[in-house]
Amino acid sequence: QVQLVESGGGLVQAGGSLRLSCAASGRTFSSYAMGWFRQAPGKEREIVACINWSGGSTYYADSVKGRFTIARDNARNTVYLQVNSLKPEDTAVYYCAVTGRTYFTTRQYDYDYWGQGTQVTVSS
């Protein structure tokens, strides 16, 4: 059974940093692209960043470019999201997901499995 477990969220002041982790099991994740999404209260879930199977290609939403970094460690079946210079508008539940594709995709419907999410709250 495929399982994705996020961790690393929390309450942080504006300008602070966190490192989110997503541990995957039940599949050979080294072959597949993965992504991070977020959903703020009252808003639709949106793409944050995604990464291809090798980690050599990445995508970032404009709102997080230069502040967030996605990376993966295939030996540990883990994908990370380093979030720096946090703003109150970054407050959301952050989800990781895996797709059956090797190259990254920004379309949510391309992702087959999702984690339960980790809350990030940024105070002003």
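Refer to the structure presented above.
Student: Honestly, the overall build of the protein chain in this entry has me stumped. Any pointers?
Tutor: Helix and strand counts for the protein chain stand at zero helices and 11 strands. Computed over its C-alpha atoms, the radius of gyration of the protein chain comes to 13 Å, within 12% of the 14 Å expected for a compact globule of 124 residues. In terms of overall dimensions, the protein chain has a C-alpha envelope of 40 × 25 × 25 Å along the principal axes. Going through the 124 residues of the protein chain one by one, you find that 44% of them count as buried. At a minimum sequence separation of 6, the contacts of the protein chain that also span at least 24 residues come to 60%. Total accessible area computed for the protein chain in this model is approximately 6,200 Å², and 45% of it derives from carbon and sulfur atoms. The centroid of the 12 positive side-chain charges in the protein chain is displaced by 4 Å from the centroid of its 9 negative side-chain charges.

Student: I would appreciate a short explanation of the nonpolar core in the present structure.
Tutor: When a protein is soluble and globular, its nonpolar side chains tend to lie buried together. Core analysis: the largest hydrophobic core is formed by 29 residues, its most contacted members being W36, L81 and Y94. Breaking this core down by element, the ones donating at least two residues are β3 (18-25), β4 (34-39), β5 (46-51), β7 (68-73), β8 (78-83), β9 (92-99) and β11 (118-123). If you look at the next biggest cluster of nonpolar residues, it comprises seven residues, including F37, C50, F104 and Y111.

Student: Would you take a moment to explain unusual backbone geometry for this structure?
Tutor: At N77, a residue that is not glycine, the phi angle is positive and equals roughly 50 degrees. The residue N77 is located in the loop between β7 and β8 in this model.

Student: Sorry, what's going on with the pairing of β5 here?
Tutor: The side chains of a regular strand alternate between both faces of the sheet. Within β5, five of the six residues are buried, which leaves the element mostly enclosed by the surrounding structure. Note: β4 against β5, five bridges, orientation antiparallel. Residue pairing across strands places M34 opposite I51, the latter belonging to β5. As consecutive antiparallel partners, β4 and β5 are separated by six residues, and within that stretch G42 has a phi angle of approximately 75 degrees, a positive value. In terms of strand pairing, β5 meets strand β6 (residues 58-60) through three bridges, oriented antiparallel. Across the sheet, the residue bridging to A49 is Y60, located in β6. In this structure, the hairpin formed by β5 and β6 is closed by a connection of six residues, where G55 is found at a positive phi of approximately 90 degrees.

Procedures and definitions
Residues numbered from 1 in each chain as written. Predicted model: local features only at pLDDT ≥ 70, side-chain atom pairs only at ≥ 80, totals over all residues. Heavy atoms only, no water. Helix = DSSP H or I, 4+ residues; strand = E, 2+ residues; numbered from the N terminus. Rg over C-alpha atoms; globule rule 2.2 N^0.38 Å. Buried < 20%, exposed > 50% of the residue type's maximum accessible area, 1.4 Å probe, protein only. Contact = heavy atoms within 4.5 Å. Areas by Shrake-Rupley, 256 points an atom, 1.4 Å probe, with all protein chains shown as cover. Lys, Arg positive; Asp, Glu negative; His and termini not counted. Charge placed at Lys NZ, Arg CZ, Asp CG, Glu CD. Core = buried A, V, L, I, M, F, W, Y, C linked by side-chain atoms within 4.5 Å. Pairing = 2+ DSSP bridges.

Spatial relationships are all this shows, so hold off on functional conclusions.
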